[in-house]
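Secondary and tertiary structure notes
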Amino acid sequence: MPVGDIETRPFDIEHLDGAVHLSRDAGWPHRREDWQVALHLSEGVVAVDEAGKVVGTALMTPYGNDCATINMVIVDSGQRGRGVGRRLMDAALGLGGDRPLRLIATSDGLPLYEKLGFRATGKVFQHQGIVGEVKMPDQTEAATADDLAGIITVDREAFGADRSALISKLAEIGEFTVIRRNAKTAGFACIRAFGRGDVVGPVVAADLEDAKALVAHFISGRSGAFVRVDTGDADLAAWLEKHSLAHVGGGVAMARPIQDRPASARFKTFALANQALG
């Protein structure tokens, strides 16, 4: 639907290069490969100008029928204030259907999301930097293909939705570590190439100490490398700060409607896959 000389269209593979340029201009670190992963898991829309240039994007990543995340909402700086962001959001919400929705808001997007009925559920702290010396923990081990089913089960309990498509994709492009107790998965973390280096996440554990160990499993072998972790847990954020990963920003976690974490849940998501995918 046109907005002046701007038109919204379904996000297709032909729009990837334009999306990469748009995110780079916005200061986001996403490589073409990172966009490809997000688009593989999502449906989306783009805004294009009369010359066919991509000037806006929005993705909806479904996790079965349980929920979806709205992400990669970007509008070219020269097109802001013209209603482009609202049109992109309306289209993304339509793709989400009746699913409960989640997103991570920047300060720029927060007013629009509140108008659309999203409410804050917490904060996300982005930590990154050059890894220093970290000791390898004793209780973690590299995951194998046989661990995938247990990882998916633990993730669903912590996240409250079926993210098997995401976990399977991450297993293709990254590495997992697990904590096992009584021959069962008791926590996991993933690392993969992203942006300027590597990102650790998701990290799902029963408690903070296990979460620290899962992160340490990966960063212990990456002294001198650039690593990012997005966490919603203030205590894990403080630990990351002490281990050379500085707090550089973040966002506001929001949901529509707000869904409480079940009191019976044994596991918690301590770090996100990234701020887009949750």
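Look a little higher up for the structure.
Scope of this entry: the structure provided in the associated data block. (Residues numbered from 1 in each chain as written. Predicted model: local features only at pLDDT ≥ 70, side-chain atom pairs only at ≥ 80, totals over all residues. Heavy atoms only, no water.)

Looking at the nonpolar core
- Membership of the largest hydrophobic core comes to 23 residues, with the highest contact counts inside it found for V200 and V203.
- The set of elements that each furnish at least two residues to this core consists of β10 (184-194), β11 (197-205), α7 (208-219), β12 (226-231), α8 (234-242) and β14 (268-271).
- Among the elements that take part in this core, α7 stands out by supplying six residues, more than any other.
- With near-sequence residues (within four places) excluded, V200 lies in contact with C190, I191, V215, F218, V227, R228, V229, A271 and L272.
- A47, I70, V73 and A92 belong to the second-largest nonpolar core, a separate cluster that totals 22 residues. (Core = buried A, V, L, I, M, F, W, Y, C linked by side-chain atoms within 4.5 Å. Buried < 20%, exposed > 50% of the residue type's maximum accessible area, 1.4 Å probe, protein only. Helix = DSSP H or I, 4+ residues; strand = E, 2+ residues; numbered from the N terminus. Contact = heavy atoms within 4.5 Å.)

Regarding the packing of α7 against α8
- The contact between α7 and α8 brings their axes to 10 Å, and the two run at 35°. In the packing of α7 onto α8, the handedness of the crossing is right-handed. Residues L208, K212, V215, A216 and I219 of α7 form the contact with α8, whose participating residues are D235, L236, W239 and L240.
- Taken together, the residues of the contact of α7 with α8 break down into seven nonpolar, no polar and two charged. (Axes fitted to C-alpha atoms, helices over the stretch in contact; angles between N-to-C directions. Left-handed = near helix turned anticlockwise from the far one by under 90°. Nonpolar A, V, L, I, M, F, W, Y, C, P; charged D, E, K, R; others polar.)

What about the pairing of strand β4 (residues 54-63)?
- Most of β4 is tucked away, with nine of its ten residues classed as buried.
- Sheet topology note: the strand β3 (residues 43-48)/β4 ladder contains six bridges and is antiparallel. For V46, the partnering residue across the bridge sits in β4 and is T57.
- Once β3 ends, the chain turns through five residues before running back antiparallel as β4, passing G52 with a positive phi of about 85°.
- Judged from the seven bridges that link them, β4 and strand β5 (residues 67-75) form a sheet pairing that is antiparallel. Counted as the bridge partner of G56 is V75 from β5.
- If you look at the hairpin formed by β4 and β5, you'll find three residues sitting between the two strands, and G64 has a positive phi there, around 55°. (Pairing = 2+ DSSP bridges.)

Here we look at the pattern of salt bridges
- Counted by the stated rule, this structure contains 18 salt bridges.
- Close ionic contact of R86 with D90 constitutes a salt bridge, the shortest N to O distance being 3.1 Å. Of this pair, R86 and D90 both sit in helix α3 (residues 84-96), four residues apart, roughly one helical turn.
- Two residues, K268 and D233, come together in a salt bridge whose shortest N-O distance is 2.7 Å. (Salt bridge = Lys/Arg side-chain N within 4 Å of Asp/Glu carboxyl O.)

Notes on the packing of aromatic side chains
- Within this structure, the stated rule accounts for four aromatic pairs.
- Centre to centre, the rings of Y113 and F118 are 6.3 Å apart; their planes meet at 70°, and the pair counts as edge-to-face. This pair shows no difference in class: Y113 is buried, exactly as F118 is.
- Ring centres of F176 and F188 lie 5.9 Å apart, and the angle between their planes is 50°; on these two criteria the pair is classed as tilted. (Phe/Tyr/Trp six-rings, centres within 6.5 Å; stacked < 30°, edge-to-face > 60°.)

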